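Topology and contacts: notes
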Amino acid sequence: MVGAERNLPYDRTAVSKGLMSGSDTIDEIGLAFPGELDDLDLILGHTAVSLDVERRRVTLDDGTALGFEVLFIATGSAAVWPASIPHLQGVHTLRTADDSMALCADLSDAKRVVVVGGGFIGAEVAAGIKSADVDVTMIVAGTVPLERALGREFGEEWAGVHREHGIDVRCGEYVASLSAEFDRVSAVVLSDGTSIDADVVVLGIGARPVTDWLHGSGLTLSDGVVCDENLMAAPGIYAIGDVAKWPHPKFGQLLRVEHWTNAHEQGTAAARHYLGVGGPFENVPYVWTDQFGYRIQVYGKTTAADLIHRVPSANPSVPRIVLYGSGSRLMAALGVDDPRSLLPLRRLIAQPDSWEHALSLVGS
Ligand SMILES: Cc1cc2nc3c(=O)[nH]c(=O)nc-3n(C[C@H](O)[C@H](O)[C@H](O)COP(=O)(O)OP(=O)(O)OC[C@H]3O[C@@H](n4cnc5c(N)ncnc54)[C@H](O)[C@@H]3O)c2cc1C
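Note that the coordinates shown come from a computational prediction; the quantities given were computed from them, not determined experimentally.

1. A look at the overall build of the chain
- Each helix and strand in the chain was counted, giving eight helices and 26 strands.
- In terms of overall dimensions, the chain is globule-like: its C-alpha atoms have a radius of gyration of 22 Å, near the 21 Å expected for 364 residues.
- Taking the principal axes of the C-alpha coordinates as reference, the chain spans close to 60 × 55 × 40 Å.
- Counting the 364 residues in the chain, one finds 46% classified as buried.
- In the chain, the share of contacts with a sequence separation of at least 24, taken over all contacts with a separation of at least 6, comes to 55%.
- Accessible surface, the chain as shown: approximately 17300 Å² in total, 51% of it carbon and sulfur.
- Of the side chains in the chain, 28 bear a positive and 47 a negative charge, and the two mean positions are spaced by 5 Å.

Written out as structure tokens, the structure reads:
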């Protein structure tokens, strides 16, 4: 197993949660118990730089060539850092444990933090950093935070939750430039000319699948490694996790999913297929995010929805359940602190005529 990071495998979801806040250490978020990886040849801190499909060989950054009979490509995604944003001290992206620990150290005496991006990572980071003595501003390019992932309606409500907790949410804004004092960021200048003072800036503006090293390999690359229904990109070569794009039978299109559970399920499915005991891969995508003590959980694919049904909770500003439908189908279901209601809905997702059934389960 080759990995570019020097750390042993760890739970990446903690990077914007316990590791960033300092409540977890890198050892506490490890994915393997001591000794569990002893049977593997682990090559950490090295990057695969090319793949020769014909000769069944992966070459590493130090020139080592590794032969293989079967290859699992799990290079994930990398945080986007736009060319227009300079690499100043105090400016961070958040993808790895090292990123998280560097941010955590920088936050220790920060008073003004600007989070650029209102997707899952931006919203989670803003919520995690906000405290009585830290001012947090979240810059959102779209109309509301989380719009692309969870729709405008929910995003609008969730922007309200962020504002209630003291976050200055600015929508429809772009970063035009950064100001600096002695190589350290001092302010963020927005497209409308407004300048916001900042000790620390976190860029949460998306990720791209890590496929650079596969250019010229002959594999089909198109916003990820394109695979068949068994997650095979070529005979004996599988792609799994954030980097894999495969034809999802229920959603009828090529999907690439940047969620933790999907990576875990695809790893298992590809290994089972290689061992001859597994078939085509199909799942109900699942993601969760923790913000302000709430846990939002989402099953399915919200983006194709043209029907929305909201079930209120006891707190008027937060829904309990949101259903997303298209035609007569339930496409996705979101729950806030309500895992029990989501379970029967999960089974209905992408089934024919499931919308009415879902409505009858949740009431209004
Ligand atoms: C901050 C953060 C918080 C998240 N929180 C949640 C959450 O709450 N819920 C949720 O569902 N999902 C969450 N996710 C998404 C989830 O972590 C990912 O979907 C999941 O980690 C994908 O796993 P993966 O194995 O495909 O890729 P990754 O976890 O990205 O692992 C890929 C590994 O491959 C290495 N690598 C890349 N290129 C090379 C190369 N050429 N050679 C060698 N090694 C290479 C990378 O360094 C990395 O270690 C979060 C992601 C981030 C960044």
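Next comes the rest of the write-up.
2. Describing the sheet that holds strand E18 (residues 232-234)
- An order of E6-E19-E18 is seen for the three strands of this open sheet, with the pairing classed as mixed. Looking at the sheet topology across the chains shown, the edges are occupied by strand E6 (71-73) and E18. Strand-to-strand twist across the sheet, computed as the mean angle between neighbouring axes with direction ignored, equals 35°.
- Pairing geometry for E6 and strand E19 (residues 237-239), over three bridges, is parallel. In the sheet register, Ile73 faces E19, and the bridge partner there is Ala239.

3. A closer look at the site of the ligand
- Among the 28 residues in the neighbourhood of the ligand, the closest are listed as Glu5, Arg12, Lys17, Ala48 and Asp242.
- A distance of 2.6 Å is found between an oxygen atom of the ligand and a side-chain nitrogen or oxygen belonging to Arg12.
- For the ligand, an oxygen atom lies 3.1 Å from a polar atom in the backbone of Trp260.
- Going through the elements one at a time, helix H6 (260-274) and strand E22 (286-291) are the ones with two or more residues in the shell around the ligand.

4. Quick word on helix H8 (residues 354-362)
- If you check which residues of H8 are buried, you get Ser354, Trp355, Ala358 and Val362. Buried residues of H8, seen end-on, are gathered within an arc of 100° and therefore sit on one face of the element. Turned more than 90 degrees off the buried face of H8, the exposed positions are Glu356 and Ser360.
- Tucked into the core, H8 has its buried residues touching strand E24 (307-312), strand E25 (319-326), strand E26 (329-336) and helix H7 (339-348).
- Positioned one or two residues after H8, Gly363 has a phi angle of 65°, which is positive.

5. Brief notes about the nonpolar core
- By size, the foremost hydrophobic cluster in this structure holds 50 residues, and its most contacted members are Leu51, Ile73, Leu219, Ile237, Leu323 and Leu345.
- With residues near it in sequence (within four places) discarded, Ile237 still touches Leu51, Val53, Arg56, Phe68, Leu71, Ile73, Leu219, Leu231 and Met232.
- Residues Leu107, Val113, Ala123 and Ile167 belong to the second largest nonpolar core, which totals 25 residues.

6. Observations concerning the domain arrangement of the chain
- With domains assigned, the chain is organised as domain 1 (2-75 + 224-274), domain 2 (81-205) and domain 3 (293-362).
- For the pairing of domain 1 and domain 2, the buried interface totals around 1100 Å² over both sides, and the portion due to carbon and sulfur atoms is 61%.
- Contact with domain 2 buries area across many residues of domain 1, yet Val15, Ser16 and Met20 alone supply 45% of it, more than any other trio.
- For the pair domain 1 and domain 2, the interface holds two salt bridges.
- Close ionic contact of Lys17 with Glu124 constitutes a salt bridge, the shortest N to O distance being 2.9 Å.

7. What about the sheet that holds strand E17 (residues 225-226)?
- Strand order in this open sheet of three strands is E17-E20-E21, and the pairing throughout is mixed. If you trace the sheet from one side to the other, it starts and ends with E17 and strand E21 (253-255), each paired once.
- Sheet analysis places E17 next to strand E20 (residues 244-248), joined by two bridges and oriented parallel. Considered in E20, the bridge of Val225 is made with Ala244.

8. Overview of the environment of Val58
- Within the secondary structure layout, Val58 lies in strand E4 (residues 57-60).
- Put simply, Val58 and Ile205 are 147 residues apart on the chain and 31 Å apart in space, counted from C-alpha to C-alpha.
- Not counting chain neighbours up to four residues away, the residues in contact with Val58 comprise Ala48, Ser50, Leu51, Thr64, Ala65, Leu66, Phe68, Leu71 and Trp213.

9. Some remarks on the pattern of salt bridges
- The tally for this structure, following the rule as stated, stands at 15 salt bridges.
- A salt bridge links Arg208 to Asp212, with the shortest nitrogen-to-oxygen separation between them at 3.3 Å.
- Residue classification places Arg208 among the partly exposed residues on the basis of a relative accessible area of 37%.
- A single salt-bridge network, built from bridges that share partners, covers Arg112, Asp197 and Asp199.

10. Overview of the packing of H7 against H8
- Packing of H7 against H8 brings their axes to within 10 Å, and their N-to-C directions diverge by 170°. Comparing the axis directions of H7 and H8 gives the class roughly antiparallel. Residue-level inspection shows Pro344, Leu345 and Leu348 of H7 in contact with H8, the latter providing Ser354, His357, Ala358, Leu361 and Val362.

11. Topic: the pairing of strand E12 (residues 175-181)
- Strand direction decides the pairing type here: E12 and strand E13 (residues 184-190), joined by six bridges, are antiparallel. Bridged to Ser177 within E13 is Val189.
- The hairpin formed by E12 and E13 contains two residues between the paired strands, and Phe182 there has a positive phi angle of roughly 50°.

Conventions we followed
Position numbers for residues count from 1 along each chain, tracking the sequence in the order it is written. This being a predicted model, a pLDDT of at least 70 is required before a residue's local features are given, and a value of 80 or more before pairs of side-chain atoms are given or counted; all residues contribute to the totals for chains, interfaces and linings. Only hydrogens and water are set aside when side-chain values are computed; all heavy atoms of the structure are taken into account. By definition, any uninterrupted DSSP run of H or I lasting at least four residues is a helix, any uninterrupted run of E lasting at least two residues is a strand, and each is numbered from the N terminus. Every radius of gyration here is taken over C-alpha atoms, with the globule rule written as 2.2 Å times N^0.38, N being the number of residues. Categorising residues by exposure relies on relative accessible area from a 1.4 Å probe, with only protein chains included: less than 20% of the type maximum marks a residue as buried, more than 50% marks it as exposed, and the intermediate range marks it as partly exposed. Throughout, a residue-residue contact means that at least one pair of heavy atoms, one from each residue, lies within 4.5 Å. In this description, accessible areas are obtained by the Shrake-Rupley approach with a 1.4 Å probe, and a residue is regarded as covered only by the protein chains that are shown. The sign given to each residue is positive for Lys and Arg and negative for Asp and Glu; His and the chain ends receive no count. Charged groups are reduced to one reference atom each: NZ for lysine, CZ for arginine, CG for aspartic acid, CD for glutamic acid. DSSP bridges decide pairing: two strands pair if at least two such bridges lie between them. Geometry is summarised by axes, namely lines fitted to C-alpha atoms with helices restricted to the contacting stretch, and by angles between N-to-C directions that run from 0 to 180 degrees. We call a residue near a molecule or strand whenever a single non-hydrogen atom of that residue lies within 4 Å of it. Any pair of nitrogen or oxygen atoms within 3.5 Å is treated as a polar contact; in protein, a donor-acceptor pairing is required on top of that, and neighbouring residues in sequence qualify only through side-chain atoms on both sides. Summarising the geometry, the arc corresponds to the directions from the helix axis toward the C-beta atoms. Residues belong to one nonpolar core when they are buried, are Ala, Val, Leu, Ile, Met, Phe, Trp, Tyr or Cys, and are joined through side-chain atoms within 4.5 Å. Bear in mind that the domain bounds are from an automatic or database domain assignment. Accessible area that two parts lose when put together, evaluated with a 1.4 Å probe and summed over both, is termed the buried area. What makes a salt bridge here is a side-chain nitrogen of Lys or Arg within 4 Å of a carboxyl oxygen of Asp or Glu, nothing more. Geometric relationships in this document are graded by angle, where less than 35 degrees denotes roughly parallel, more than 145 denotes roughly antiparallel, 65 to 115 denotes roughly perpendicular, and other angles denote oblique.

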